[in-house]
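A look at the structure
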Amino acid sequence: FKPSLIFGTHPVMNSISGYAKVGPKNKNRIREILTMTSDGARIALDWEFPYDIHVNNPTVSSSSDDSNNFNEEQRQAVKGPHDVPVIVLLHGINNSAEFGYIRSMMNSCTKRGWIAVGMNMRGCGGVHLATPRGYNGAYTGDLRSVINTISHRMVNPDVPIFIAGYSLGANLITKYLGEEGLAGTLPENVKGAMSLGNPLKINSNNLKVPWNWILAAGIKTGVFLKHRRAFQQMKCKSFQEKMHSALMASTLGALDDHASPCMIRNEKHYPFSTRVGFDNGQHYWDDSSSCHYIQHVSVPLLLLLSKDDFLVSHVAEQWLPHCVEMNPNVMFVESETGGHLGWHVVDGNNPFGSNPFGRGANWADGCCCKFIESVILMRRHGYYYHEEEENLIEKGNAISSRGGRAGKVSTELPTTRARSRL
């Protein structure tokens, strides 16, 4: 792991490179709009295909709010049946699947012949809210619907689906996997997941200045003001008062506390029924925190974190030992530098790395792809885990699956800490 000079060694600049970069442009990209049966919300899925899967110049742009105007070739590409791995990616707060760190990972996937799907949370990616319920850190219903939909499009249960989540998206995918693992209802196609920059324990009051102000401003402009017409559909006086108080809040913690009684949520247990409202901000944060669900994750899960992540590491590191030890399916990898979703590294002989605002990949992309390749290889050969191979696993030189033997599958993870009993 060789961080680049300047951007790669400064946490804030590292994060800027992850968020602000353009990311690779793939012309084999189609947008699909799904309507959630729970409340009629509309979710945009940005499909990106390897170049050997032709989609004949897609007519639906990745920023469109239109319906699915597919020709037959495009419909077959999206609807399947799919016989190659599908990687579903979920972005962070105030972001979308258009952000550079998502595009970068999608490009890394399609280069390997996999299909990448960038899921936009409700109200994100240019799709207007159809209901007065925006996304939040606790509601996994939309992700559940997306994964169920895609799993039904796979050729058979052996063709894998992997899920990658970033920041708030990392918390959501971990919570989703825990809920499904506890109920035993996780679709069989889901073989593993990657959780990058996951706070694990959410409490917005713990965010430091100025990030608590910046994130609150992003929610107010990107959700409340941008989709004010959707929120105005609710004529209930109490709802409007709470939304007004949330809009006036200066910090994310205060915003959560005011808006929580109006948030969409789901029950913790099967069938995960959709409900509305938390008692207060603390109730919302407790329900959101994926550290309460990670013990039930039933597939290999990679937790990737940077030690200098100024947004989440100070909280996540308190819970990581507990989360890793309680579930042998969890592998934790920590880098010395990287910021929040940055991981800008040297580019060949260039110590300054590629253009931080350009189209280059970051270190985490390769790390996640090698994790996926290793899990696929393990399952193909039926590896099982042996305690005596713990030393190899601690070094990141072998990963294994619950009920499987750890083969010497090199993951080349340049980490300071790596634990895996997948």
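First, a word on scope: everything that follows refers to the structure included in this document.

1. Describing the nonpolar core
Soluble globular proteins: nonpolar side chains tend toward being buried together. Of all hydrophobic cores here, the largest spans 77 residues; its most connected members are Ile150, Leu177 and Phe224. Phe224 has contacts with Ile219, Phe231, Met243, Ala246, Leu247, Leu255 and Ala259, leaving out every residue within four places of it along the chain.

2. Considerations on the pairing of strand E2 (residues 42-48)
With 6 of 7 residues buried, E2 is to be regarded as a mostly interior element. Summarising the sheet, strand E1 (residues 29-35) and E2 pair through 7 bridges and their orientation is antiparallel. Each residue of the ladder has a partner; that of Thr35, found in E2, is Arg42. Turn length for the E1-E2 hairpin, with the two strands adjacent in sequence and antiparallel, is 6 residues, and the turn residue Gly40 shows positive phi of about 85 degrees. Sheet topology places E2 next to strand E4 (residues 115-119); 4 bridges connect them, and they run antiparallel.

3. Quick word on helix H12 (residues 363-381)
The terminal C-alpha atoms of H12, which comprises 19 residues, lie 27 Å apart, in line with the 27 Å expected from a rise of 1.5 Å per residue. Listed as buried for H12 are Trp363, Ala364, Asp365, Cys367, Cys368, Cys369, Phe371, Ile372, Ser374, Val375, Ile376 and Met378. Of the surrounding elements, those touching the buried residues of H12 are strand E3 (86-90), helix H3 (100-111), strand E5 (161-166), strand E6 (190-196), strand E9 (301-306) and strand E10 (330-335). The N-cap residue of H12 is Asn362: its side-chain oxygen and the backbone nitrogen of Ala364 are 3.1 Å apart.

4. Describing the environment of Val155
Within the secondary structure layout, Val155 lies in the loop between helix H4 (141-151) and E5. Given the relative accessible area of 44%, Val155 is considered partly exposed. C-alpha separation for the pair Val155 and Gly80, spaced 75 residues apart in sequence, amounts to 7.8 Å. Once residues lying within four places of it in the same chain are set aside, the contact partners of Val155 are Pro81, His82 and Asp83.

5. Brief notes about the pairing of E4
The buried fraction of E4 amounts to 5 of the 5 residues, a majority that puts the element mostly inside the structure. Of the two faces of E4, the one lined by Ile115, Val117 and Met119 and the one lined by Ala116 and Gly118 are each fully buried. Sheet topology places E3 next to E4; 5 bridges connect them, and they run parallel. Bridge pairing in E4 links Val86 to Ile115.

Rules behind the numbers
Residues numbered from 1 in each chain as written. Predicted model: local features only at pLDDT ≥ 70, side-chain atom pairs only at ≥ 80, totals over all residues. Heavy atoms only, no water. Core = buried A, V, L, I, M, F, W, Y, C linked by side-chain atoms within 4.5 Å. Buried < 20%, exposed > 50% of the residue type's maximum accessible area, 1.4 Å probe, protein only. Contact = heavy atoms within 4.5 Å. Helix = DSSP H or I, 4+ residues; strand = E, 2+ residues; numbered from the N terminus. Pairing = 2+ DSSP bridges. Expected span 1.5 Å × (residues − 1). Polar contact = N/O pair within 3.5 Å; in protein donor to acceptor, adjacent residues only side chain to side chain.

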